[in-house]
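Notes for the structure review
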Amino acid sequence: MPYSCLIIILSLIMFKTNQPKETMTITLEKAILIIKQHGNLNEIYDFFNQLGTKKDYKLKDVKSWIGY
């Protein structure tokens, strides 16, 4: 796993929130950044086809889509 991906995942884990992990949401911009840094930007159309175009996404859905 690339080092940059580990940093992103750790920053998301350490992000302080009152939301339970299962319902934690991230913005569209953050989702695209994670996808880009993970090296899957060429598959962004598949992401939108599978998860839809939204303002916010569940973190668990984005992580599942990139394979975590």
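Here's a quick rundown of the structure. All figures in this text were calculated on a predicted structure; none of them were measured in a lab.

What follows covers the packing of aromatic side chains. With the rule as written, the count across this model stands at 3 aromatic pairs. Aromatic side chains Phe47 and Tyr57 sit 5.1 Å apart centroid to centroid with 55° between the ring planes, which places their arrangement in the tilted category. On the criterion of sequence distance, the pair formed by Phe47 in helix α3 (residues 44-51) and Tyr57 in strand β2 (residues 56-58) is long-range, its members being 10 residues apart. Taken as a pair, Phe47 and Tyr57 share a single burial class, namely buried. Pairwise contacts between aromatic rings join Phe47, Phe48, Tyr57 and Trp65 into one cluster.

When you line up the elements, Ile32 lands in helix α2 (residues 28-38). Using a relative accessible area of 29% as the deciding quantity, one classes Ile32 as partly exposed. When the C-alpha positions of Ile32 and Val62 are compared, they lie 9.5 Å apart, and in sequence the two are 30 residues distant. If we skip the residues at most four places from it in the chain, Ile32 touches Leu41, Ile44 and Phe48.

The rules behind the values
- Residues numbered from 1 in each chain as written.
- Predicted model: local features only at pLDDT ≥ 70, side-chain atom pairs only at ≥ 80, totals over all residues.
- Heavy atoms only, no water.
- Phe/Tyr/Trp six-rings, centres within 6.5 Å; stacked < 30°, edge-to-face > 60°.
- Helix = DSSP H or I, 4+ residues; strand = E, 2+ residues; numbered from the N terminus.
- Buried < 20%, exposed > 50% of the residue type's maximum accessible area, 1.4 Å probe, protein only.
- Contact = heavy atoms within 4.5 Å.

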